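Results of the structural survey
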Amino acid sequence: MDNSDLFVCIDHVGLAVPDLDEAIKFHTEVMGWRELHREKNEEQGVEEAMIGTGDQGPENAQIQLLAPLNESSTIAKFIGKNGPGMQQLAYRVRDLDQVMETLKERGVRLLYPEPRRGTADSRINFCHPKDTGGVLLELVEPNKNAAH
Ligand code: V0V
């Protein structure tokens, strides 16, 4: 795969928050963002909201607020260790299977052998933070039929 075909853009930045409603309130009422989407993802152990500015749609980079659904959630573990804050950076891709293949060939460990379900029926995987300079990198292929 050519380097120019690997990533489309930054899809979102994920913030770990202890309380989703409080975080949405802060980001909408104080920071003036808008809530674009909200859902629970049991498999990932999160309740999450996507927020954006002004009249932006899902084509622009968003902020993802991630609250733990239970104590065994990766987000609960992250907050327990680091406190609330930036947990992940997500790169948008067109073809997740091909990108996974290319990164594997280049020695990057992926967390899942197969893509999993992400926000708004996207397909996602993650690169291990130990292989990416300490950043949990998510790869996200948006669902072509769903808006965030
Ligand atoms: C852990 N580490 C991190 C990190 N989490 N480094 C940077 N950013 C993070 N978010 C480091 C940690 O400091 C340790 O380094 C090492 O990795 C092992 O961490 P750990 O605390 O022992 O935690 P693990 O190994 O139990 O879990 C870490 C991983 C886990 C990354 C494997 O968080 C994971 O599976 N994440 C992917 C799934 C996820 O994040 N789901 C929630 C978002 P030292 O101390 O050894 O040096 S769901 C989502 O984004 C959705 C639905 C979506 O976007 O659509």
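Overview of the structure. Here the residue index of a chain counts from 1 through its sequence in written order. Thresholds applied to this predicted model are a pLDDT of at least 70 for local features of residues and 80 or more for the giving and counting of side-chain atom pairs; totals over whole chains, interfaces and linings are not thresholded and use all residues. Where side-chain values are given, they derive from all heavy atoms of the structure, hydrogens and water being excluded.

1. Here's the deal with a nonpolar patch on the surface
Going by this rule: Grouping into patches uses exposed residues only, defined as over 30% relative accessible area, and leaves out salt-bridged ones; the cut-off is 9 Å for like charges and 5 Å for nonpolar side chains (Val, Leu, Ile, Met, Phe, Trp, Tyr). In these tables, accessible area is a Shrake-Rupley quantity obtained with a 1.4 Å probe, and a residue counts as shielded only by the protein chains included in the view. Salt bridges, as used here, are contacts in which a Lys or Arg side-chain nitrogen is within 4 Å of a carboxyl oxygen on Asp or Glu. Helix and strand assignments come from DSSP, with helices taken as H or I runs of at least 4 residues and strands as E runs of at least 2, each series counted from the N terminus. Using a 1.4 Å probe on the protein chains alone, a residue whose accessible area is under 20% of its type maximum counts as buried, one over 50% counts as exposed, and one in between counts as partly exposed.
Taken together, the side chains of Phe26, Val30 and Met31 make up a nonpolar region of the molecular surface, amounting to roughly 310 Å² of accessible area. With respect to the helices and strands, the residue Phe26 is situated in helix α1 (residues 20–30). Here Phe26 falls in the partly exposed class, since its relative accessible area comes to 41%.

2. Thoughts on the side chain of Thr102
So the rule is basically this: Any pair of nitrogen or oxygen atoms within 3.5 Å is treated as a polar contact; in protein, a donor-acceptor pairing is required on top of that, and neighbouring residues in sequence qualify only through side-chain atoms on both sides. Contacts are residue-level and defined by heavy atoms, with any inter-residue pair within 4.5 Å sufficient.
Mapped onto the elements, Thr102 comes out in helix α3 (residues 96–105). Here Thr102 falls in the buried class, since its relative accessible area comes to 6%. Polar contacts involving the side chain of Thr102 include one to the main-chain carbonyl oxygen of Gln98, which spans 2.9 Å. If near-sequence neighbours (up to four positions away) are discounted, Thr102 is found in contact with Met1 and Leu6.

3. Section: the sheet that holds strand β6 (residues 116–118)
Cut-off, in case you're wondering: Two strands pair if DSSP finds at least two bridges between them. In this analysis an axis means a line fitted to C-alpha atoms, helices contributing only their contacting stretch, and an angle means the value between N-to-C directions, from 0 to 180 degrees.
One open sheet accounts for 8 strands, arranged β2-β3-β4-β1-β5-β8-β7-β6; its pairing is mixed. Of all the strands in the sheet, the pair left with one neighbour each is β2 (34–41) and β6. Sheet twist, expressed as the mean angle between neighbouring strand axes with direction ignored, is 30 degrees. Where strand β1 (residues 9–16) meets strand β4 (residues 62–68), 5 bridges bridge the pair, whose relative direction is parallel. Paired with Ala16 across the bridge in β4 is Leu66. Sheet strands touched by helix α2 (residues 74–82): β1, β3 (46–52), β4 and β5 (85–92). Its angle to β4, the strand with the most contacts, is close to 90 degrees. Strand contacts of α3: β7 (122–127) and β8 (137–141), with the helix running at about 10 degrees to β7, the strand carrying the most contacts.

4. Some thoughts on the site of the ligand
Short version of the rule: Proximity criterion: a residue is near a molecule or strand once any of its heavy atoms comes within 4 Å of it.
In the region of the ligand, 23 residues are neighbours, and Gln44, Lys77, Gln88, Thr119 and Lys130 sit closest. Lys81 is positioned such that a nitrogen or oxygen atom in its side chain is 3.3 Å from an oxygen atom of the ligand. For the ligand, whose free accessible area comes to 1,100 Å², the fraction covered by protein is 72%. Looking at the shell around the ligand, the elements with two or more residues in it are α2, β5 and β7. The greatest single-element share of the shell around the ligand, amounting to 5 residues, is contributed by α2.

5. Overview of α1
A turn of α-helix holds 3.6 residues, and therefore any two residues three or four places apart point the same way. As a reminder, the rule being used: It is the directions from the helix axis to the C-beta atoms that the arc portrays.
Among all positions of α1, only Leu20, Ala23, Ile24 and His27 are buried. Along the axis of α1, the buried residues cluster in a sector spanning 100 degrees; they form a single face. Among the exposed residues of α1, those oriented more than 90 degrees off its buried face are Glu22, Glu29 and Val30. On its buried side, α1 packs onto β1, β2, β3 and β4. Where α1 begins, the side chain of Asp19 points an oxygen toward the backbone nitrogen of Asp21, at a separation of 3.0 Å. Once α1 ends, the next one or two residues include Gly32, with phi positive near 80 degrees.

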